[in-house]
Amino acid sequence: MVPYWLGLLALLLFLGLFPPTAPFSDRFLTPSLALALGSYLVARRALLFGLGLLFFGLGDLGWTLGDLLGSGKRSLAALLFEFPYIFGYLAFTLALLKVPGKPPRLSLFLLPLVLLGLFTLFQKELGVDRLYTGWDTLLLLLLLPRLEPLFQERFLGGRALWGVGFLLVLVADLAYAYLEAEGGYPTGHPVHLLWPTGYALLALGVLEEEGEKAAFARHALAFTGLFLMPVLLSEPTPWPVRAFALYGGLVGALGLLYAHYLEWRRTEAQSQRWSQFLEELARLSPGVTQTLSPEAALLGALGAAQVLLPQAVGLEVRSRRGRVGERTPHALAIPMNGDSAYLYLTEPPKVAIPPSFLSLLGERLRQVLRQVEWGTLALTDPLTGLLNRRGLEAELPKLVALARRYGAPVSAVMLDIDRFKRVNDTFGHPVGDEVLRLLGRILQASVRKEDLAVRYGGEEFLLLLYGADRQAAKEVVERIRARFRAERVEPIPYPLTLSAGIAGGEVPEGEAQVEEWLLKADYALLRAKEAGRDRVTLA
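Report follows, based on the coordinates.

What follows concerns the overall build of the protein. Across its full length, the protein holds 20 helices and nine strands. For the protein, the residues scored as buried account for 50% of the 539 residues in total. By sequence separation, contacts in the protein at least 24 residues apart represent 71% of the contacts at least 6 residues apart. Accessible surface computed for the protein: about 25800 Å², of which carbon and sulfur atoms make up 60%.

Take empty space enclosed by the protein next. Summed over all chains, the structure comprises one cavity of 30 Å³ or more. Taken as a whole, the largest cavity spans an internal volume of roughly 260 Å³. Together, 19 residues line the largest cavity, and Asp 60, Tyr 85, Asp 173, Tyr 176 and Trp 195 are the ones closest to its centre. Listing elements by their share of the lining of the largest cavity, those giving two or more residues are helix H2 (22-43), helix H3 (47-69), helix H5 (84-98), helix H7 (129-147), helix H9 (157-182) and helix H10 (194-209). Here the residues of the lining of the largest cavity are counted per class, giving ten nonpolar, two polar and seven charged.

Once that is clear, we can look at the side chain of Asp 136. Structurally, the position occupied by Asp 136 is in helix H7. What makes Asp 136 buried here is its relative accessible area of 1%. If we skip the residues at most four places from it in the chain, Asp 136 touches Tyr 89, Leu 170, Asp 173 and Leu 174.

One finds Phe 49, Trp 162 and Phe 166 to be the most contacted residues of the largest nonpolar core, which totals 64 residues. Take this core: its biggest share by element is 16 residues, from H9. Setting aside chain neighbours within four positions, we find Phe 166 in contact with Phe 49, Phe 92, Leu 96, Leu 143 and Leu 202. Grouped together as the second largest cluster of nonpolar side chains are 31 residues, Ile 417, Leu 438, Val 447 and Ile 502 included.

All right, on to the environment of Leu 332 then. Along the chain, the position of Leu 332 falls in strand S3 (residues 330-336). Take Leu 332: its relative accessible area is 16%, and that puts it in the buried class. With 17 residues separating them along the chain, Leu 332 and Pro 349 place their C-alpha atoms 9.6 Å apart. Apart from the residues within four sequence positions on either side, Leu 332 is in contact with Leu 309, Ala 341, Tyr 342, Leu 343, Leu 345, Ile 353 and Leu 358.

This next bit is on the sheet that holds strand S5 (residues 410-417). Here five strands make up an open sheet; going across it, the order is S6-S7-S5-S8-S9 and the pairing mixed. Two strands bound the open sheet, and with one partner strand each, they are strand S6 (452-457) and strand S9 (536-538). Across this sheet, the average inter-strand angle for adjacent strands is 20°, counted without regard to direction. Taken strand by strand, helix H18 (residues 429-446) contacts S5, S6, strand S7 (460-466) and strand S8 (498-506), and its axis lies near 0° from that of S7.

Below, the discussion takes up the sheet that holds S3. Reading across from one edge, S2-S1-S4-S3 is the order of the four strands in this open sheet, with antiparallel pairing throughout. Looking at which strands have only one partner, the edges of the open sheet turn out to be strand S2 (322-325) and S3. Shown here is a sheet whose adjacent strand axes are inclined to one another by a mean of 15°, direction ignored. Relative to strand S4 (residues 339-345), strand S1 (residues 312-317) runs antiparallel, the two being bridged by five bridges. From the neighbouring strand, Val 317 faces S4, where its bridge partner is Ala 341. Sitting on the sheet, helix H14 (residues 294-308) touches S1, S2 and S4, and the angle it makes with S1 is about 140°. Sheet strands touched by helix H15 (residues 355-379): S1, S3 and S4. Its angle to S3, the strand with the most contacts, is close to 60°.

A separate point is the side chain of Thr 380. The topology assignment puts Thr 380 in the loop between H15 and helix H16 (389-406). By relative accessible area, Thr 380 is classed as buried at 17%. The contacts of Thr 380, once residues within four sequence positions are left out, are Gly 385, Leu 386, Leu 387 and Asn 388.

Look at H18 against helix H19 (residues 470-486): their axes get within 10 Å of each other, and the N-to-C directions meet at 140°. The orientation of H18 relative to H19 falls into the category oblique. The two elements H18 and H19 meet at a crossing, and its hand is right-handed. In this structure, H18 uses Val 435, Leu 438, Leu 439, Ile 442, Leu 443, Ala 445 and Ser 446 to contact H19, whose residues at the interface are Val 476, Ile 480, Arg 483 and Phe 484. Here the residues of the contact of H18 with H19 sort into nine nonpolar, one polar and one charged.

Cut-offs and rules
Residues numbered from 1 in each chain as written. Predicted model: local features only at pLDDT ≥ 70, side-chain atom pairs only at ≥ 80, totals over all residues. Heavy atoms only, no water. Helix = DSSP H or I, 4+ residues; strand = E, 2+ residues; numbered from the N terminus. Buried < 20%, exposed > 50% of the residue type's maximum accessible area, 1.4 Å probe, protein only. Contact = heavy atoms within 4.5 Å. Areas by Shrake-Rupley, 256 points an atom, 1.4 Å probe, with all protein chains shown as cover. 1 Å grid on protein atoms, 1.4 Å probe; cavity = no way out; pocket = protein on both sides within 12 Å on 5 of 7 lines; lining within 4 Å. Points joined across faces, edges and corners; volume = space filled by probe spheres on them. Nonpolar A, V, L, I, M, F, W, Y, C, P; charged D, E, K, R; others polar. Core = buried A, V, L, I, M, F, W, Y, C linked by side-chain atoms within 4.5 Å. Pairing = 2+ DSSP bridges. Axes fitted to C-alpha atoms, helices over the stretch in contact; angles between N-to-C directions. Parallel < 35°, antiparallel > 145°, perpendicular 65-115°, else oblique. Left-handed = near helix turned anticlockwise from the far one by under 90°.

Given below as structure tokens:
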């Protein structure tokens, strides 16, 4: 369905081009349209732009009154009728100053239109219109930085519309001043149609930028207005004005097309990033991260988020006390069904973040963390928090691959709590469990992330120490034995001791060789027990 305002503009165009009605269109319809659009914008709280149109409409009516009174050559007396123009120019100047811009680059192609303003400004017969021409030139200069974001950031549909509207109004003003200086502006000249077209585009653009949905018909109208500019400024318009109008129309239309093209390119790139983001989320799992730590899952989720948000530098799930990367003042809340999760950014996002992005990230992160929990339960000992035998089978290939890649030795250590059966028989199994938990905490605190600490069975524990020969492994075990002996578990009155056997200390050729070291370390442990316990024996 064709919007009603298109039909209204078509009617205005007909009345403006039909010779008998053209003066009526110039004198009454143009100011009426400005007053109506300005009132509507003020009602919609677009105050400065609305006041600019309102005062321009009042100034147009003042110009009409002066024209009907036949005051002849324009002079300072014209200001008595047209003084609202001054307030209109002031409102538009303030409105442009409030709009953020960028240093002009591509928008500098419109700079020659400023030359039209300067050329007109120094016409000897310009009179009072010299004030308006100077202000029009200033507005053109203010407009250029406000149009540059169309090419550098993203296509702002509303700004493109009101930018074209401003361009049409300002070129019409300059053409009017030039005609006035050359011998007088004939009422009803086709140039006057640039004013209502510009007013309409300006109002539509402001409304669209305030939140109304963009429509293709409006941008098509902007193209039409730009191409009408050189057509309407035909004979009897002087050739310098026609040349500048032709240049402005072509450059403006090409610039609008190029801005649309850049936006299409950005949309395509964004679609590709979304596809990559979804692929990264699909690949995010404990099997891919090669570890069952929550931190690795968070790192994977952060990497997926950085595909769409390169400024993301940190990710935190507070309910699980897990965080990777940096914590910054700029954070996005991630919905995770009750968990508090935040994505930290170096700077606020320049465009609105789709809620689906955060929802997908939160849901996948929740699933992966749940998988980590399940994997942890399956591969760890629930009493001590160390790996169990199944966990050892899962992690041993990774340790062997790491050692072979970097040529690092691995030592196998078997540990056993001395006289643990007596603890259970004398003080009960709850006290025995507390002894096991104590040793588990000591082992976890004594090894690095590359090492493996395993509850091998009962009161027997296994350490696989990466990058340690047998002597270095013995030093580690002695520290563990000393700390274990220093701890007390109530109501056990005597110090607890450990026996250990050590084997390996070389770069493993494969998993089979490590398994041989386990047998040798177990035999060394048996010899330590036979020798009186509370000691370390090397295989």
